[in-house]
Amino acid sequence: MSILVYTENWDGKFKKFSFELVSYAAAVAKQRGTTVTALSIGKVADSELEKLSTYGTKKVLSITDDRFNSLDNKAMSKAIVAAAKAEGAKIIVLAHNNLGKALAPRVAVRIQAGLETGVVALPVSYDPFIVKKKVFTGKAFAEVKLNTEFKVITLAQNSFEPVELKNSETIETFDPQVTDSDFTTTVKETNKVTGKVLLTDAEIVVSGGRGMKSGDNWGGLEEMADLLGAGMACSRPVSDEGWRSHTEHVGQTGKIIAPNLYLAFGISGAIQHLGGVSSSKVIVAVNKDKEAPIFEAADYGIVGDVFTVIPQMIEAIKEMKS
Amino acid sequence: MKILVLISNVPDTTTKIRFKADNTAFDDAGVQWIINPWDELALTRAVELKEVGGVSHITVANVGTSSTEPTLRKALAVGADDAIRVDVEARDAFEVATQLATIAKDYDLIMAGIEASDYNGSAVGGMLAELLDIASVSAVSGVKVDGGNLIFNREIDGGSQVLSVTTPVVAIVQKGIAKEPRIPAMRGIMMARKKELKVVAPVSAEDRTSFVKFELPPKKAACKMVAEDNAKELVRLLHEEAKVL
Ligand SMILES: Cc1cc2nc3c(=O)[nH]c(=O)nc-3n(C[C@H](O)[C@H](O)[C@H](O)COP(=O)(O)OP(=O)(O)OC[C@H]3O[C@@H](n4cnc5c(N)ncnc54)[C@H](O)[C@@H]3O)c2cc1C
Ligand SMILES: Cc1cc2nc3c(=O)[nH]c(=O)nc-3n(C[C@H](O)[C@H](O)[C@H](O)COP(=O)(O)OP(=O)(O)OC[C@H]3O[C@@H](n4cnc5c(N)ncnc54)[C@H](O)[C@@H]3O)c2cc1C
């Protein structure tokens, strides 16, 4: 009756988000008087798998079958359900990221579970099983009841702090009993972004809007991001204009992020933009218009010209760092 | 190749979100309804694929009451050939997917959005694929027809991939799938009136989840303002007070 958590790896390594998931599952397990089993798919060294135990896993089921490298949604979902069945798990936890969103609905159907995605906190209650999630793109929260014996949830990033525990785990190889016909997709090409802080991982995000005036004015923001180890983001018109890459567009129709600090320069704060960033812990706005709606969402603000403020901030950050 | 585009009917993205007095349901008084932005882009891409050849037919489908018909008509005006509405109020993603599974069998490519902008489930597309026991590819930002196969661009965390998939397949689409949503032209709107919008009766389906209550986020404290020439003070506050630097 353990809690099963699927811990995705990135080139054999786990990320903070994986540990958030394990810590969350461990907290649920504690409340339910049970333990956490993690499922890992892909080649991950034992020393890396052992890191999961620091956050509360009792057991890791490891699948190293190369066929899963294609991240085939059908085969992976089947494997997760096989692991849940083997462990007698009634609650399955996945990440609310690209892969988790792709797998969780399939897993839920396969194991006849109720599904709730983007959960932001520990269950409100277990009997009935009620969880809290964001709805209307961050504009509201809902409490949702899962009416089924099995439950699948995806946890929103940065909604649960990883907690280190004293714990040890066993690692077992797991055979999910998949066949070639479960693998339905062929990867022809993979392109990895290297050397840049990934927007979805970044603790600090530096973002610019149309107030930056053109694609040529981003040197200052890039310098600031470098200094802070931050990821870069932008509003939709900025990526539409081609000033910045589409991968940096945040908002309702772009990426949804929740860093500790979101720094918005020359962004008006349209509702669709805020939908992607409103879960940030602290929002800072620099905008020359004191009526800009971004100031209603921001914690700290400067009414002023970005081209005056950015160089001054860079200086102040350098001073702080030294 | 036949394409089915799933259409979710959602409040306009600028809607001020309010709930009914007991906070158990969304208050839709005065709300403008639109095609979910992702679905609009999916449909746009489907129409583009049909224009270049290789796609013979585009159907749009919605699970909902008759109140969603204007949204389906708009989808017809954008360029779908016909529409299907399963006549039941959508109350749960599994219920919606179960209804769609009854009408989705004859399509090669089924396109769903990565999430509906109202209840943010990110659920229907994947559930439908599992119910039909077919492939699904998520976070799709591009699609091309390649003979009997489909070529997808998909975003993964930290990069992107190109995939080849045999049909039938559910593509769960996101940003990039089409550049700009197509706005229906007058001619399209006229033609849409004559296109078929078939209403089918629902099958019985289980509600696996139910909303208990809604709440608005707590009001933020007022923004702390710093003078334009005092960026140093801002950095100090972020470092010492907010502790985020
Ligand atoms: C269906 C739909 C989905 C959408 N999805 C998204 C989305 O995902 N993400 C998104 O960002 N947008 C989205 N939008 C667009 C959104 O409505 C806004 O148009 C957009 O966010 C505005 O971008 P902006 O703030 O960069 O530009 P603007 O609104 O033009 O704001 C520029 C700001 O810069 C300030 N400024 C100008 N010059 C300076 C200066 N020198 N110094 C300081 N400040 C200056 C101005 O005062 C202004 O507030 C969507 C719209 C729709 C209809
Ligand atoms: C009165 C009322 C009560 C509700 N109560 C609940 C509830 O208790 N629990 C709950 O989960 N939801 C409830 N809903 C929401 C409704 O059931 C949702 O449409 C459904 O849950 C799917 O939304 P989603 O956010 O999961 O969609 P997602 O899975 O985020 O949608 C992804 C994609 O699936 C397709 N899609 C989604 N919905 C439809 C549809 N209806 N027809 C065709 N294609 C679609 C679209 O392509 C969309 O882009 C209620 C709605 C109403 C009006």
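Scroll up for the structure.
In this report, we go over the structure that sits alongside the text. (Residues numbered from 1 in each chain as written. Chains lettered and ligands numbered in written order. Predicted model: local features only at pLDDT ≥ 70, side-chain atom pairs only at ≥ 80, totals over all residues. Heavy atoms only, no water.)

1. Some thoughts on the overall build of chain A
- Broken down by element type, chain A carries 9 helices and 16 strands.
- Here the C-alpha radius of gyration of chain A, 21 Å, is about what a compact globule of 322 residues would show, namely 20 Å.
- Taken along the three principal axes of its C-alpha coordinates, chain A extends 60 × 45 × 40 Å.
- Expressed as a percentage of its 322 residues, the buried residues of chain A come to 60%.
- By sequence separation, contacts in chain A at least 24 residues apart represent 65% of the contacts at least 6 residues apart.
- Only carbon and sulfur atoms are counted for the fraction: they give 48% of the accessible area of chain A, which is about 12,400 Å². (Helix = DSSP H or I, 4+ residues; strand = E, 2+ residues; numbered from the N terminus. Rg over C-alpha atoms; globule rule 2.2 N^0.38 Å. Buried < 20%, exposed > 50% of the residue type's maximum accessible area, 1.4 Å probe, protein only. Contact = heavy atoms within 4.5 Å. Areas by Shrake-Rupley, 256 points an atom, 1.4 Å probe, with all protein chains shown as cover.)

2. Digging into the sheet that holds strand 11 (residues 185-192) of chain A
- As summarised here, the arrangement of the 10 strands in space is 11(A)-9(B)-8(B)-7(B)-10(B)-6(B)-1(B)-4(B)-5(B)-11(B), forming an open sheet in which the pairing is mixed. The open sheet has two edge strands, strand 11 of chain A together with strand 11 (197-200) of chain B, and neither has a second partner. The sheet shows a mean angle of 30 degrees between the axes of neighbouring strands, taken without regard to direction.
- Both strand 7 (residues 135-146) of chain B and strand 10 (residues 169-173) of chain B contribute to a ladder of 4 bridges, which runs parallel. (Pairing = 2+ DSSP bridges. Axes fitted to C-alpha atoms, helices over the stretch in contact; angles between N-to-C directions.)

3. Thoughts on the site of ligand 2
Residue and element names in this part refer to chain B.
- As a structural note, the neighbourhood of ligand 2 is formed by 28 residues, with D39, R91, A116, A123 and V124 the closest of them.
- Within the backbone of L6, one N or O atom sits 3.0 Å away from an oxygen atom of ligand 2.
- For ligand 2, an oxygen atom lies 3.0 Å from a polar atom in the side chain of N36.
- Protein chains bury 86% of the 910 Å² of accessible surface belonging to ligand 2 in isolation. (Near = heavy atom within 4 Å. Polar contact = N/O pair within 3.5 Å; in protein donor to acceptor, adjacent residues only side chain to side chain.)

4. Regarding the nonpolar core
Residues and elements named next belong to chain B.
- By size, the foremost hydrophobic cluster in this structure holds 63 residues, and its most contacted members are V5, L43, V60, L109, I110, M111 and F152.
- Sort the elements by how many residues they give to this core and helix 1 (residues 37-51) lands first, with 7 residues.
- Excluding residues that lie within four positions of it along the chain, L43 makes contacts with V5, I58, V60, A75, V78 and A80. (Core = buried A, V, L, I, M, F, W, Y, C linked by side-chain atoms within 4.5 Å.)

5. Describing the packing of aromatic side chains
All names here are of chain A.
- For the structure on display, the rule yields 13 aromatic pairs over all chains.
- Both rings, one in F68 and one in F183, keep their centres 5.1 Å apart while their planes meet at 70 degrees; by these two values the pair is edge-to-face. In this pair, F68 is assigned in the loop between strand 3 (57-63) and helix 3 (73-87) and F183 in the loop between strand 10 (170-173) and strand 11, connecting sequence segments 115 residues apart.
- A residue is classified by how much of its surface remains accessible, and F183, at 16% relative accessible area, is buried. (Phe/Tyr/Trp six-rings, centres within 6.5 Å; stacked < 30°, edge-to-face > 60°.)

6. Digging into the pairing of strand 7 of chain B
Residue and element names in this part refer to chain B.
- Two elements, strand 7 and strand 8 (residues 149-156), share 6 bridges in a ladder whose sense is antiparallel. Counterpart to V145 in the pairing with strand 8 is L150.
- The antiparallel hairpin formed by strand 7 and strand 8 contains 2 residues in its connecting segment, where G147 sits at a positive phi of about 65 degrees.

7. Section: the packing of helix 3 (residues 93-103) of chain B against helix 4 (residues 124-132) of chain B
Residue and element names in this part refer to chain B.
- Relative orientation of the contacting elements helix 3 and helix 4 amounts to 50 degrees, with a least axis distance of 9 Å. Considered as vectors, helix 3 and helix 4 are oriented oblique to each other. In terms of crossing hand, the pair formed by helix 3 and helix 4 is right-handed. Across from A93, F94, V96, A97, T98, L100 and A101 in helix 3, the residues of helix 4 making contact are V124, M127, L128, L131 and L132.
- Of the residues contributing to the contact of helix 3 with helix 4, the split by class is 11 nonpolar, 1 polar and no charged. (Parallel < 35°, antiparallel > 145°, perpendicular 65-115°, else oblique. Left-handed = near helix turned anticlockwise from the far one by under 90°. Nonpolar A, V, L, I, M, F, W, Y, C, P; charged D, E, K, R; others polar.)

8. Brief notes about the site of ligand 1
- In the region of ligand 1, 26 residues are neighbours, and A:K213, A:S235, A:T253, A:S268 and A:Q272 sit closest.
- Neighbouring residues of ligand 1 are distributed over chains A and B.
- In the model, a nitrogen atom of ligand 1 is placed 2.7 Å from a nitrogen or oxygen of the A:T253 side chain.
- In isolation ligand 1 has 990 Å² of accessible area, and contact with the protein removes 80% of it.
- When residues of the shell around ligand 1 are traced back to their parent elements, those giving at least two are helix 6 (236-240) and helix 7 (271-277) of chain A.

9. A short note on the interface of chain B and chain A
- In this assembly, 80 residues from chain B lie in contact with 91 residues from chain A.
- A combined buried area of about 7,100 Å² lies between chain B and chain A, and 57% of that area is made up of carbon and sulfur atoms.
- Summed over the shared surface of chain B and chain A, the number is 8 salt bridges.
- One salt bridge in this structure joins B:E155 and A:K255, with 3.5 Å as the shortest N-O distance.
- The interface formed by chain B and chain A contains 40 residue pairs in polar contact (both at pLDDT 80 or more).
- Among the residues forming the side of chain B that touches chain A, the class breakdown is 40 nonpolar, 20 polar and 20 charged. (Buried area = accessible area lost by both parts, 1.4 Å probe. Salt bridge = Lys/Arg side-chain N within 4 Å of Asp/Glu carboxyl O.)

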